[in-house]
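Here is what each chain is made of, one letter per residue.
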Amino acid sequence: MSKREAFFDAACKENVGGFLRFVQLHKVSSDPFDVEEVVQELPWDQRAALWGRLATLLQHVLLELPPEQWGSVPKKDRMESGEEAKDPKHVMSVVEGVTLVVTLSVNVLQDGDTYSTLLDCADRLHDVLASMPVSEAPLQLCIQKLCEAWWKKGLQEKEKFGRTAFLVSLQKSFILKKPGSEIQRLWVLHDVLLGLDFTSEDNKHIINLLLQCFLCTSYIRNDDGKRFLVFLFSWHINFIWMIHGTIKNQLEFLSKTLVNHIAEIYFRAWKKASGDFQEKIESICIQNLMEHAILLHRASAAHAKVRQIVSYFHKRKGCNQVDKMLYILYKPILWRALSAPNFEVRANATFLFTEAFAVHDPGEGSDSINQTIQKQLDTLMVLLDDPHPLVRSTATLGVCKILAGCWELLPATVITDFLKKLVIELAADTSSPDVRCAVFKCLAIVLDNPLSHPLLEKLLPALKYSLHDNSERVRIAFLDLLIKVKAVRAAKFWDVCNMDHLLARLAVDSKPVSKRIVNLLFKSFFPVNEAEVEWCNRCITLIQMNRKAARKFYQLAYIYTAPTNIVKLMLTIRRVLNSCVQSSADMTDMDESNKENSRTILSGKDMGIVASLLEVVVILWKTIDKALEHNKEAKEYATAKFCNVMSKYFNTFQDEQCTAPLTFLASLMPPATVPTFSYGVLSRLRRIGPGAVQRQYSQLIDCLCGWGQAGDILQLITDWLSEALPKKSVKASASRKVQIQETVAAKPDLALDYLEYLFSCTTTRISILSLNQGLLKQLHKVLGTWRLVLYTHLTSGTDPSNPSAEVALKAFTLHCRLSAHLQHSSSEGRDYLLSLECVVTWVAERVLPFLVTPSQGDGAESKEPLALARQIVESFLTVCRDILLVGLVDEELKGQMLHLCSLILLSEKGYLCIPLLLPIVKEVAESFVPKETQEEQQNKNPIILSMVTSTFQKLVELLAHYLRKKPEEGQQLCQSTMPSLSDFLQVVQTWEGISSKPLNEVFSTLLAGIIVENQYRIQKISHPDEVTILQSVEDMPPLSSMLLSVVLKLPPVTRTFLTEIRSSLDSENIDSLMGLAAVLNILNVISHTRQVKAALKDTAISVQRQLQKLAVTAEDSGDIQRVIYESAVKTLNGILNL
């Protein structure tokens, strides 16, 4: 029996296993059996019989196990039944095999063939596709291909099969991660849509899916997807506005790249359309986008995207069809918008007008077109004189683009008039720096056209004083223009702006401006293509022209050249400096040519220039320090070269101007290279007098730290501080060590200045903190002893034999800071936190008792302890805040700090410290913001959180007390507290992830303070005419005004505050008429901010419920209460009607 006959016999339910084996052989590429060949070779009657047998087989397996049950038959049940037919995999294999044969049969059908039995099979498989599980993708794809083949063949009921194939591909394109093949199949099937009824309810699902295609990036980016989307514009005329509406709704959320693809789809759809479809696209889509580009606010997220789409059409100008379309669509909207009262509308219209220039009908005659263009040029000139700077800036951009693109086409007089308008008038527009900035930015566009260079060369010198414009942005734009002039060689930049002006501005201006000046002048003063001696010549010339500018130039030179060139310049300057050293015998490393070159450059008497050259070397070295760290060989070479001559430099260049740069340079060398200088640095630090400014000692300290001798400075500071203490304090620290030292009196104030400088610079701080812990602990101990001096000043007043209170206070502050630094650098333990805890205790027990009002009649001396106590408390609070900011404080110390804050608030004059106290409370509160895992969050001490809320409550009560007692002083205190209070509430707002109780307590305190003050104001009303509803924060009592103004700054805080009001109302904590009237005053003020409307109305409803309970009572009350009630009802209605 042949395989053909065997296959024919196997297509039945009795021999289904054989049928499946033949299907499997067809799928194996190495086997010669091909079902399509078998079907094609079958006689017509056998082919029809085969289809009938397949229909029977399909009907049998589907009756045994319908598609709805393919995923619901458990494996255990199948094993118990023992029926193979009920295995879903077996059923699906049979269905897949039948689908394969039916699909191949469709391919071999000829015109005139009868295929009713085949249609019956296809119908059954079509029904299977509709009801089969989504998980069976391979079988779904087989039936989908059958439907597609049926539709392509144009057989009976092709619309049904085509619609199904199209719908399946459409749905799969949204599900698959890589839907490219489905989108391609969809494009092949796109003609299916032409047979669908757009108005039919059955097709609404397809319409919704088609609209989703315009939001799917897979379609927008894919070439076949774009073709499909373009085709959809021509499916049905009423579908166009639906497409456009869908795109507009999502436009603001699309990226620039996707918007560009969308613009391309719009353009291709318009270009491909004709007749009514094209007109519809123009009126509904393109013109609508033009209107939006004109009318939308520039701040709108969609504005830039809409403008991008419209610009896509503008860039296609030059084609008669596009030009005519733009002319027709802009005619009814553009010219009216250019003269609109709203400046943003005019500015938007100006942008579109200049980008689409010239807007004309290519079908008109040349004379008519010329007249149209002339009118538009006149309009541009009018726009340059617009009263609003945004319009003038936009017009400037447009004019410059037109000049750059149409220079050859415009009359010379028109070009000259425009450029004169820009350069002479708008570049000097005193009313707006934006306009001046726009002129310089946009003239760079004109320079891109070489034909503009001769005319601009004559006009640009008029702009020279723009280098000194008050606005930094304008100066930057002007320098960018000069850089462009230099790059395109339109003119000599020094003819536009004098070199002296450029250097003067370089010397004093900010880094962004200075960088551009250096870029402009770099080749002039650092000509890397010439000999190195010429580099030094130019350096000296620059120093002679402007010494400050030279410093700034070489500070930024590293940006524009390689570190190698920087090192070469340093070594060249070294050779020049060597020539100034009189003793040529010590210059053994200089060859004769170098000596000859150097002699022509500089004389040894030019000490000002020598000092500047030394400064340049130091500056250059600092700029490439990081690069040298990565190139040890270059660093060692440069260091060795300068080491050879440093001692001679110190001997020769003894002028005061040279001291500072030589000291800096010496700090970069090993100390052995300058033995005389290095041995005397510490002595010089000892000999500096008290009250010295930082520049007198900073270089010397940097030298010692750079040489690894920071320990000597620390020892000097410790010795001075120890010697200056009263003898009782230092008896225990007497040393038996024999030392030979200079006899210099102790200078504790200078020692503290040295220590403060060491802490303030990163490099010096790292140097001292890496020292032996013994030295640091000794210093820490000595600084801590100075608290005794402070306490002496508090109790006994000024004693000439003791150091001053100012010195003791500074030592106290630096002791606290050193504790923090040492705790940070220590790897384990909390020894230095314990030290800070001792300071907290000392401040609480020894200092706070002096924070009281001095007795009257004791004279000025009695006020000194109060002033000093306040300074001590404020200094310590500042240190506590800084330590909290860097996260060095543990839970125990936080508790101690909060306890101290409470004690300060309870002291008589503690209110003076509120502005510095509140930031500490805020930093502790911030440590409770949910950042870690839930388990870590639960481990935090809840007691500290309650301490934060109680401290805040005391603080608000204290503010209220002093506002009543001393109104003027209290208001000043409130003003200084507002920034910290705003930060605190912003942090507390984030506590929602922890617990509602502490959050409620903070806002309950706020609400109580505001309500009580407003109730008191209402209770004081003595006449009905005095009843008023407050309209703004300024109208409220002082404390309420301050608290509410802070609450209203942040909408989330405002919402939480309103939630607290609702909670108080619902729990009937506020149930009196006076209380409700006070609440309505608050709500009325909030309503004028036009924010959190939903929360505001919810709160107003809670007020309404409480107010209704008081209606009868109020009607029976006296005139004042009745008027208050009526006023409250009126205010409530106004809020509810917002």
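All figures in this text were calculated on a predicted structure; none of them were measured in a lab.

### With respect to the side chain of S1102
Along the chain, S1102 falls in helix 58 (residues 1093-1109). Residue S1102 is classed as buried on the basis of its relative accessible area, which comes to 2%. Non-local contacts of S1102, meaning those with residues more than four positions away in its chain, are made with R1062, L1065 and D1066.

### Overview of empty space enclosed by the protein
Tallied over the entire structure, the rule returns 3 cavities of 30 Å³ or more. Here the largest cavity is characterised by a volume of approximately 60 Å³. As for the largest cavity, its lining consists of R1017, I1018, I1021, V1027, T1028, I1029, A1077, N1081, I1124 and S1127. Elements supplying a minimum of two residues to the lining of the largest cavity: helix 54 (996-1019), helix 57 (1073-1087) and helix 60 (1119-1136). Residues belonging to the lining of the largest cavity are distributed by class as follows: 6 nonpolar, 3 polar and 1 charged.

### Overview of the environment of H205
The residue H205 is located in helix 11 (residues 204-213) in this model. A C-alpha to C-alpha distance of 9.4 Å links H205 and L167, two positions 38 residues apart in sequence. With near-sequence residues (within four places) excluded, H205 lies in contact with L167 and Q171.

### Some words on the pattern of salt bridges
According to the stated counting rule, one finds 40 salt bridges in the structure shown. Taking the shortest distance from any N to any O, the salt bridge between E837 and R830 comes out at 2.6 Å. Of the residues examined, E837 reaches a relative accessible area of 8% and is grouped as buried. Notably, a salt bridge pairs R830 with D890, separated by 2.6 Å at the nearest N-O pair.

### Here's the deal with the confidence of the model for the protein
Across the protein, pLDDT averages 84, with 90% of residues at or above 70. Within the model, the stretch residues 729-741 combines pLDDT values under 50 with 6 contacts to residues more than four positions away or in other chains.

### A few points about unusual backbone geometry
The omega angle of the peptide bond from F357 to A358 is -5°, so this bond is cis rather than trans. Along the chain, A358 falls in the loop between helix 20 (343-356) and helix 21 (366-383). The residue E157 is not glycine, and still its phi comes out positive at about 60°. Structurally, E157 is set in the loop between helix 8 (137-153) and helix 9 (158-175). Positive phi, close to 55°, is recorded for R489, a residue that is not glycine.

### So, the side chain of N449
Mapped onto the secondary structure, N449 falls in the loop between helix 24 (433-447) and helix 25 (453-459). The exposure class assigned to N449 is buried, which follows from its relative accessible area of 8%.

### Considering the packing of aromatic side chains
Evaluation of the coordinates by the stated rule reveals 35 aromatic pairs. Aromatic pair F198 and W235: ring centres 5.3 Å apart, planes at 80°, arrangement edge-to-face. Taken as a pair, F198 in the loop between helix 10 (180-188) and helix 11 and W235 in the loop between helix 13 (223-232) and helix 14 (239-250) lie far apart in primary sequence, 37 residues in all. With respect to burial, F198 and W235 carry one shared label: buried. Measuring from centroid to centroid gives 4.5 Å for F650 and F677, while their planes differ by 25°, and the two rings are stacked. You can see F650 sitting in helix 37 (residues 646-652) and its partner F677 sitting in helix 39 (residues 675-687), a full 27 residues away along the chain.

Cut-off values and rules
Residues numbered from 1 in each chain as written. Predicted model: local features only at pLDDT ≥ 70, side-chain atom pairs only at ≥ 80, totals over all residues. Heavy atoms only, no water. Helix = DSSP H or I, 4+ residues; strand = E, 2+ residues; numbered from the N terminus. Buried < 20%, exposed > 50% of the residue type's maximum accessible area, 1.4 Å probe, protein only. Contact = heavy atoms within 4.5 Å. 1 Å grid on protein atoms, 1.4 Å probe; cavity = no way out; pocket = protein on both sides within 12 Å on 5 of 7 lines; lining within 4 Å. Points joined across faces, edges and corners; volume = space filled by probe spheres on them. Nonpolar A, V, L, I, M, F, W, Y, C, P; charged D, E, K, R; others polar. Salt bridge = Lys/Arg side-chain N within 4 Å of Asp/Glu carboxyl O. pLDDT = per-residue confidence, 0-100. Phe/Tyr/Trp six-rings, centres within 6.5 Å; stacked < 30°, edge-to-face > 60°.

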